[in-house]
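# Residue-level structural notes
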Amino acid sequence: MTAVFYVASLIAIVATGMVITRFNAVHSLLYLIVSLMAVALVFVALGAYLAAVLEIIIYAGAIMVLFIFVVMMLNQGPESTRQERLWLTGRMWVGPGLLALILSAELIYALGSNSAHLSKGAVAEPKDVSLSLFGPYFLVVELASILLLAGIIGAFCLGRREYLGKEAPKS
Amino acid sequence: MNVAGPSFAETFVGQLVIVTSILMLLLNLVPLLIWLERRLLALWQDRYGPNRVGPFGLLQPIADMIKIFMKEDWIPPFADKVVFVVAPVVVVFTGLMAFAVVPFTPGIVIANLNVGLLFFLAMSSMGVYSVALAGWASNNKYSLLGGLRASAQMLGYEVFMGLSLMGVVMLAGSFNLREIVEAQRGMWFCIPQFPGLIMFLIAGVAETHRVPFDLPEAESELVAGFHAEYSGMKFGMFFLGEYLGITLISAITVTLFFGGWLGPWLPPVVWFALKTGVFVCGFILLRAALPRMRYDQLIGFAWKTMLPLSLLNVLITGAVMLATK
């Protein structure tokens, strides 16, 4: 399982790098999907099967499909690829690269100081995860659901057709 | 079929034998299904169907296979080549991967995962990419429209597909498909979870984009939808994926709602195959019987009718379980 962890992590890092450097939006998204699946495999290697499957269902299977949907609907063609190529110049790399370097240095320092956290824990059964979600972390679950509800109502109001129809004659 | 026995089935060689035989079985089942579909459709529509090649036209799929391999494997010059080639692979891969968690008998299951049901949902949600990317990579407006339709449709139907199965999970108390089958020894879940069954079947037909939900490839308006630019074996892969999807949805329906391998007298694997076969024929009957839906009806139906109903199903199942506890 240690080998699985390292291979999956490497794939995740490489794929994420490719996400940033691709000029074509759909190719970037494809690499992002690969990256998410690699992260799911990292979860498997750490014994968190539920988290792995949910990562694939929700992130790779639902959210990324929406991204692809939007990119396809805009269908920008070769013009946007050319524009992207102009934007991604050498100077663009300096700022984000520096910040990422500091973060990765901190991460390596944190991992080096107590590597015990990385060791593979017990396998988390779906039932245990659910019991802790609806036990000690119940308040957090409820808060998250309120946030999502607000998001849904907001999206509904923005997408409502009668609302737009009423606005149009006034103006 | 417990010839292998649990001890043999658990060894590496036993696993290899099981995996290879299931793979061979599934891949060889698809031509047979294509023949079955054409014959049954013909029967229901008062025609003969393929009846010239071999006895009852049984060798027709082989002739079709030879034809499809002989065809030119054409990649349009305006297509995105890598994505164009990868897209049909995705649907076959996810279809075959999902079979890994299906328990054919108590002894024969490739991966006895404790999140088996979620694994099936994950694989079926990954299958969307095949259609969406094929539509995009073809760089053809009809294909693109087909891909767009497919991604919106499958996203909408996936959401309540998962929710419609949660009633079963609550009754069985597990995501493990083998344990779900074992929990149905007293009563098949199609009785207490009848609304869940109906919702899952509707979602399953939409996920495999079969009639009446075959809007992504509606030939009267979109040429052939997402696979308009595909030919030869790449087109064959989409075909393979579609029939794998039908078999998968039938097998999962049987596992979750109709007691999987459970049944009297006959050996478990026969029961499983019989029940799955009935649902495969049901898929074909749908194609013979129903017209295509309108697109706005299709999307509205998923979000406005089925999603609230599936949530209600979860709520009522939970309330009944709490009351009878």
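Refer to the structure printed above.
Before going into details, it helps to say that this report is about the structure given with it. Going along each chain's sequence as written, the residues are numbered from 1 onward. Starting at A for chains and at 1 for ligands, labels are handed out in the order in which the entities are written. In keeping with the model being predicted, local features are shown solely for residues with a pLDDT of at least 70 and side-chain atom pairs are shown and tallied solely at 80 or more, while totals for entire chains, interfaces and linings include all residues. Calculated side-chain values reflect all of the structure's heavy atoms, with hydrogen atoms and water omitted.

## What to know about the overall build of chain A
- A tally of helices and strands in chain A yields eight helices and zero strands.
- Helix and strand assignments come from DSSP, with helices taken as H or I runs of at least 4 residues and strands as E runs of at least 2, each series counted from the N terminus. Overall, chain A shows an N-to-C arrangement of helices and strands of α-α-α-α-α-α-α-α.
- Relative to its 171 residues, chain A shows a buried fraction of 19%.
- Should any heavy atoms of two residues lie within 4.5 Å, those residues are considered in contact. Across chain A, the fraction of contacts at a sequence separation of at least 24, relative to all contacts at a separation of at least 6, is 67%.
- To measure how exposed things are, a 1.4 Å probe is used in the Shrake-Rupley method; for residues, cover is taken only from the protein chains shown. When the accessible surface of chain A is summed, it comes to about 12,300 Å², and 74% of that surface belongs to carbon and sulfur atoms. The classification of residues rests on relative accessible area computed with a 1.4 Å probe and restricted to protein chains. Under 20% of the type maximum is buried, over 50% is exposed, and intermediate values are partly exposed.

## Points about the interface of chain A and chain B
- Facing 25 residues of chain A, the contacting portion of chain B comprises 24 residues.
- For the pair chain A and chain B, the summed buried surface comes to about 2,100 Å²; carbon and sulfur atoms form 79% of the total.
- The salt bridge criterion pairs a side-chain nitrogen of Lys or Arg with a carboxyl oxygen of Asp or Glu, the two atoms within 4 Å. Counting every contact that joins chain A to chain B gives zero salt bridges.
- Polar contacts, as counted here, are pairs of nitrogen or oxygen atoms within 3.5 Å of one another; within protein the pair requires one atom able to donate a hydrogen and one able to accept it, and residues that are adjacent in sequence qualify only if both atoms are side-chain atoms. Taken together, the links from chain A to chain B amount to three residue pairs in polar contact (both at pLDDT 80 or more).
- Elements with a contribution of two residues or more to the side of chain A that touches chain B: α2 (25-45), α3 (49-74) and α6 (126-133) of chain A.
- Here the element with the most residues in the side of chain A that touches chain B is α3(A); it accounts for 15 residues. Simply put, the buried area is the total loss of 1.4 Å probe accessible area from both parts when two parts are fitted together.

## Thoughts on the packing of aromatic side chains
All names here are of chain B.
- Ring pairs shown here join Phe, Tyr and Trp side chains whose ring centres sit within 6.5 Å, with only the six-membered ring taken for Trp; geometry is labelled stacked below 30 degrees between planes, edge-to-face above 60, and tilted in between. Taken as a whole, this structure holds twelve aromatic pairs over all chains when the rule is applied.
- Between phenylalanine 239 and tyrosine 243, the aromatic rings sit 5.5 Å apart at their centres with planes inclined by 45°, giving tilted as the arrangement. You can see phenylalanine 239 and its partner tyrosine 243 sitting in helix α11 (residues 232-257), four residues apart, about one turn around the helix.
- We classify phenylalanine 239 as partly exposed; its relative accessible area is 30%.
- Note on tyrosine 243: relative accessible area 5%, which makes it buried.
- What links up through ring pairs into an aromatic cluster is the set Phe84, Tyr230 and Phe238.
- Our definition puts a charge over a ring when NZ of Lys or CZ of Arg is within 6 Å of the ring centre and also within 35 degrees of the ring normal. Arginine 149 extends its terminal NZ or CZ atom over the ring of tyrosine 295, reaching a point 5.4 Å from the ring centre.

## So, the state of the cysteines
Residues and elements named next belong to chain B.
- Only a pair of cysteine sulfur atoms within 2.5 Å qualifies as a disulfide here. Here the structure, examined in full by the defined rule, presents zero disulfides over all chains.
- The cysteine cysteine 190 is free of any disulfide, with cysteine 281 supplying the nearest cysteine sulfur at 18 Å.
- You can call cysteine 190 buried: its relative accessible area is 13%.

## Topic: the packing of helix α7 (residues 141-172) of chain B against α11(B)
Residue and element names in this part refer to chain B.
- Two numbers describe how α7 lies on α11: the axes approach to 10 Å, and their chain directions differ by 30°. It follows that α7 is roughly parallel to α11 by the angle criterion. Across the interface between the two elements, Met161, Leu165 and Val168 of α7 pack against Ile249, Leu256 and Phe257 of α11.
- Only Asp, Glu, Lys and Arg are considered charged, only Ala, Val, Leu, Ile, Met, Phe, Trp, Tyr, Cys and Pro nonpolar, and every remaining residue, Gly among them, polar. Residue composition of the contact of α7 with α11, by class: six nonpolar, no polar and no charged. Here the axes come from fitting lines to C-alpha atoms, over the contacting stretch only for helices, and the angles between their N-to-C directions go from 0 to 180 degrees. In what follows, roughly perpendicular refers to angles from 65 to 115 degrees, roughly parallel to angles under 35, roughly antiparallel to angles over 145, and oblique to any angle outside these ranges.

## Concerning the pattern of salt bridges
Residues and elements named next belong to chain B.
- This structure, assessed with the given rule, holds five salt bridges over all chains.
- When the shortest N-O distance is used, the salt bridge between lysine 234 and aspartate 73 registers 2.8 Å. In this pair, lysine 234 is assigned in helix α11 and aspartate 73 in the loop between α3 (60-70) and α4 (81-98), connecting sequence segments 161 residues apart.
- As a salt-bridge pair, aspartate 296 and arginine 294 come within 2.9 Å of each other at their nearest N and O atoms.
- By relative accessible area, which is 46% here, aspartate 296 ends up partly exposed.
- Its relative accessible area of 49% is what places arginine 294 among the partly exposed residues.

## Let's talk about the nonpolar core
Residue and element names in this part refer to chain B.
- By size, the foremost hydrophobic cluster in this structure holds 103 residues, and its most contacted members are Leu117, Phe120, Phe160, Leu256 and Phe257.
- For this core, the leading source of residues is α7, giving 13 residues.
- Those residues in contact with phenylalanine 120, other than ones at most four positions away along the chain, are Ala98, Val101, Met161, Leu165, Phe200, Leu248, Ile249 and Ile252. Nonpolar cores are built from buried Ala, Val, Leu, Ile, Met, Phe, Trp, Tyr and Cys residues. Side-chain atoms within 4.5 Å join them into one set.

## Points about a nonpolar patch on the surface
Residue and element names in this part refer to chain A.
- A cluster of nonpolar side chains, namely Leu133, Phe134, Tyr137, Phe138, Leu139, Val140, Leu143 and Ile146, defines an oily patch on the protein surface of about 850 Å² accessible area.
- In terms of residue count, the dominant contributor to the nonpolar patch is helix α7 (residues 138-159) (five residues).
- Turning to its location among the elements, leucine 133 is positioned in helix α6. Only residues above 30% relative accessible area that lack a salt bridge enter a patch, with like-charged residues linked at up to 9 Å and the nonpolar side chains Val, Leu, Ile, Met, Phe, Trp and Tyr linked at up to 5 Å.

## Remarks on the environment of Ser174(B)
Residue and element names in this part refer to chain B.
- With respect to the helices and strands, serine 174 occurs in the loop between α7 and α8 (177-182).
- Along the sequence, serine 174 and valine 115 sit 59 residues apart, while their C-alpha atoms lie 8.1 Å from each other.
- Once residues lying within four places of it in the same chain are set aside, the contact partners of serine 174 are Val169, Glu179 and Ile180.
- A polar atom in the side chain of serine 174 sits 2.8 Å from the backbone nitrogen of asparagine 176.
- A distance of 2.9 Å separates a polar atom in the side chain of serine 174 from a polar atom in the side chain of glutamate 179.

## Topic: the side chain of Asn114(B)
- Along the chain, Asn114(B) falls in the loop between α4 and α5 (116-126).
- In this view, Asn114(B) contacts Tyr49(A), Glu125(A), Pro126(A), Phe175(B) and Asn176(B); residues no more than four positions away in its chain are not counted.

## Re the environment of Cys190(B)
Residues and elements named next belong to chain B.
- Within the secondary structure, cysteine 190 sits in the loop between α8 and α9 (194-207).
- Residues cysteine 190 and leucine 256 lie 66 residues apart in sequence; the distance between their C-alpha atoms is 8.2 Å.
- With residues up to four places along the chain from it excluded, the contact list for cysteine 190 reads Leu197, Phe257 and Phe258.

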